[in-house]
Amino acid sequence: MKVLVIGKGGREHALVWKLAQSPRVERVFCAPGNAGTAEDGVNVDIEPTEFDKLVRFAVREGIGLTVVGPEEPLALGIVDFFQKHGLRIFGPTKAAAELESSKVFAKELMHWADIPTADFRVFDHPDPARRYIETRDYPLVVKADGLAGGKGAIVCSTTEEALAAVEHIMVREAFGPAGRRVVIEKRLEGQEVSILAFVSGRAIVPLPPTQDHKAAFDGDQGPNTGGMGAYCPAPIVTPDLMREIETTILVPTVHALKRWRRTFCGVLYAGLMLTNQGPRVLEFNVRFGDPECQPLLMRLKTDLAELLTAAADETLESFAEDRLDWDPRPALCVVLASKGYPGAYQKGRAILGLDVAARLPDVKVFHAGTRRVEGRIVTDGGRVLGVTALGNDLADAKKRAYEAVSRIEFGGMFFRRDIGDKAIALSAPAPPTPQDRSST
Ligand code: AMP
Ligand code: GLY
């Protein structure tokens, strides 16, 4: 079978790499791809939103399965379009993808199905939004309804900040029509985790918990990014907690979507805050997380092509019974970014050391923003590489990943040095300090 992956980031490189390992897969194409997907597959020069061209390519090449990486083509209905042409595709329809593309829709569905999430209100005019903010005595988060490239949620500490967020989103229209409506919700405290599951109709196959690092700098400082690193599994999610998340969040969400005639097929990604009162949904995505996808796929032993084909064909139940086969070793991914990201950054800087890093055992360097120019690989995005390693435990995976990072170099390279630290501290509790002892 020939497979087509749509997108050009680290997530898509991981998908191409994993799918190419399947004995059922004869060739993997990636549209448009990056320098890494060109090594593990074949790049096709078509953008993810050029549906006509993609369909023509898929028909011409006899593509047996298309896998969509990013949210934008899903929100624009790529799945409906491919299906209309009789092509097999893994991902949710436009109606089901609204779970990510409209925060108002997601909150209303959660409210209807009693899924734990922060208290919220929806506004389509700035004046009532301002009045609401002025009468709250707790910190708020103001969110643009539509897709805003991961920048649409503004976490506020004061009334002034929340009022400024309404100004930014609704009055100055910083995200265009995506900010016509806003969700204003209570700000929650706790650790964030990403819970992903393969879903097809009623069948749900949860994946091991992962944790992302959204802030740009060490110690969760600086602006929010698409994700600066991730690891899998996340030990903070115990088996009991995972069961609670399945019963109180995943199952009711999938059932509610079906009841609302938006049956889901694809990856359901629940971004959760683990609060003192239990897990609460911050957001839903309808695709693999990036970078969460990299450590996840590094550990997956089950044939991904078989799994995604079964989901697209609505026969995922066969996997739900067997569960999936995972490498018992944890995996950790460190993102190497261009200075300035998530703001403006330079492109076209030569990347050195990729070959040396690739030769290290149990390491895979996934490409995100890279391009091949005259035989050299150069930077071409904010997130450039996702250096991912397996290890005997998380601390070992971290050591191996950073060892590989130390071999790589490009102008303006920056990365976080604390990926995985919270989990490593959790799995190896420090001896009690005098202070701890005196409090017992
Ligand atoms: P979202 O676009 O809804 O995923 O939000 C992006 C990020 O904003 C999340 O990953 C959180 O770090 C933060 N966030 C969103 N909602 C809340 C909330 N209710 N309380 C605290 N932080 C939040
Ligand atoms: N890593 C967060 C996301 O993919 O949305």
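Before any of the text, the structure's been laid out above.
This section reports on the structure supplied with the text. Note that the coordinates shown come from a computational prediction; the quantities given were computed from them, not determined experimentally.

Looking at ligand 2, the residues that line it are Asp-212, Lys-214, Gly-226, Tyr-269, Asn-285, Arg-287, Gly-289, Asp-290, Pro-291 and Glu-292. One of the backbone nitrogen or oxygen atoms of Gly-226 is found 3.1 Å away from a nitrogen atom of ligand 2. Between Arg-287 and ligand 2, the recorded distance is 3.0 Å, taken from a side-chain N or O atom to an oxygen atom. Compared with its free state, where it exposes 200 Å², ligand 2 has 88% of that area covered by protein. A class-by-class count of the residues in the shell around ligand 2 yields 2 nonpolar, 3 polar and 5 charged.

Attention shifts here to the sheet that holds strand β6 (residues 120-123). One open sheet accounts for 4 strands, arranged β6-β9-β7-β8; its pairing is antiparallel. A single partner strand is all that each edge strand has here, and the edge strands are β6 and β8 (153-155). For this sheet the average axis-to-axis angle between neighbouring strands, irrespective of direction, equals 20°. Both β6 and strand β9 (residues 182-186) contribute to a ladder of 4 bridges, which runs antiparallel. Each bridged residue has a counterpart across the sheet, and for Phe-120 the counterpart in β9 is Glu-185. The strands touched by helix α8 (residues 126-134) are β6, β7 (140-144) and β9; relative to β6, the strand with the most contacts, the crossing angle is about 155°.

Let us now look at the nonpolar core. Ile-78 and Leu-99 are the most contacted members of the largest nonpolar core, which has 51 residues in total. Looking at this core element by element, the count peaks at 8 residues for helix α10 (residues 239-259). With residues near it in sequence (within four places) discarded, Leu-99 still touches Phe-105, Ala-106, Leu-109, Thr-253, Leu-257, Leu-268, Phe-284 and Val-286. Counting residues in each nonpolar core, the second largest holds 41 residues, with Cys-30, Met-298, Ala-311 and Leu-390 among its members.

Moving on, we get to empty space enclosed by the protein. Evaluation of the coordinates by the stated rule reveals 2 cavities of 30 Å³ or more. Of the volumes computed, that of the largest cavity is approximately 80 Å³. What lines the largest cavity is simply Leu-99, Glu-100, Lys-103, Ala-106, Lys-107, Met-110, Lys-143, Glu-185, Leu-282, Glu-283 and Phe-284. Of all the secondary-structure elements, those providing two or more residues to the lining of the largest cavity are α6 (94-101), α7 (103-113) and β17 (278-285).

Scanning the model with the defined rule gives 27 salt bridges in all. Asp-127 serves as the salt-bridge partner of Arg-130, at 2.7 Å between the closest nitrogen and oxygen. Of the two residues, Arg-130 and Asp-127 are both situated in helix α8; the distance of 3 residues between them amounts to about one turn of the helix. In this structure Arg-130 comes out as partly exposed when scored by relative accessible area, which is 23%. Residue class for Asp-127 comes out partly exposed when judged on its relative accessible area of 45%. Close ionic contact of Asp-418 with Arg-416 constitutes a salt bridge, the shortest N to O distance being 2.9 Å. Taken individually, Asp-418 and Arg-416 each receive the classification buried, so the pair is uniform in this respect.

Inspection of the secondary structure assignment puts Leu-54 in helix α3 (residues 51-61). Of the residues examined, Leu-54 reaches a relative accessible area of 0% and is grouped as buried.

Here we take up the sheet that holds strand β1 (residues 2-7). On the basis of which strands lie adjacent, the open sheet formed by 5 strands has the order β3-β2-β1-β4-β5 and parallel pairing. Here the strands that pair on one side only, and so sit at the sheet edges, are β3 (42-43) and β5 (89-90). Strand direction decides the pairing type here: β1 and strand β2 (residues 27-32), joined by 6 bridges, are parallel. Bridging across to β2, Ile-6 finds its partner in Ala-31. The sheet strands contacting helix α1 (residues 10-20) are β1, β2 and β4 (63-68), and the helix crosses β1 at an angle near 170°.

Let us now look at the environment of Thr-93. Here Thr-93 is to be found in the loop between β5 and α6. Taking the C-alpha atoms as reference points, Thr-93 and Asp-362, 269 residues apart in sequence, are found 36 Å from one another. Residues in contact with Thr-93, not counting those within four places in the same chain, are Val-79, Asp-80 and Gln-83.

Time to look at the state of the cysteines. Throughout the structure, instances matching the rule amount to 0 disulfides. Sulfur of Cys-30: no disulfide; nearest cysteine sulfur belongs to Cys-293 and is 12 Å away. For Cys-30, a relative accessible area of 1% gives the class buried.

Rules used in this analysis
- Residues numbered from 1 in each chain as written.
- Chains lettered and ligands numbered in written order.
- Predicted model: local features only at pLDDT ≥ 70, side-chain atom pairs only at ≥ 80, totals over all residues.
- Heavy atoms only, no water.
- Near = heavy atom within 4 Å.
- Polar contact = N/O pair within 3.5 Å; in protein donor to acceptor, adjacent residues only side chain to side chain.
- Areas by Shrake-Rupley, 256 points an atom, 1.4 Å probe, with all protein chains shown as cover.
- Nonpolar A, V, L, I, M, F, W, Y, C, P; charged D, E, K, R; others polar.
- Pairing = 2+ DSSP bridges.
- Helix = DSSP H or I, 4+ residues; strand = E, 2+ residues; numbered from the N terminus.
- Axes fitted to C-alpha atoms, helices over the stretch in contact; angles between N-to-C directions.
- Contact = heavy atoms within 4.5 Å.
- Core = buried A, V, L, I, M, F, W, Y, C linked by side-chain atoms within 4.5 Å.
- Buried < 20%, exposed > 50% of the residue type's maximum accessible area, 1.4 Å probe, protein only.
- 1 Å grid on protein atoms, 1.4 Å probe; cavity = no way out; pocket = protein on both sides within 12 Å on 5 of 7 lines; lining within 4 Å.
- Points joined across faces, edges and corners; volume = space filled by probe spheres on them.
- Salt bridge = Lys/Arg side-chain N within 4 Å of Asp/Glu carboxyl O.
- Disulfide = S-S within 2.5 Å.

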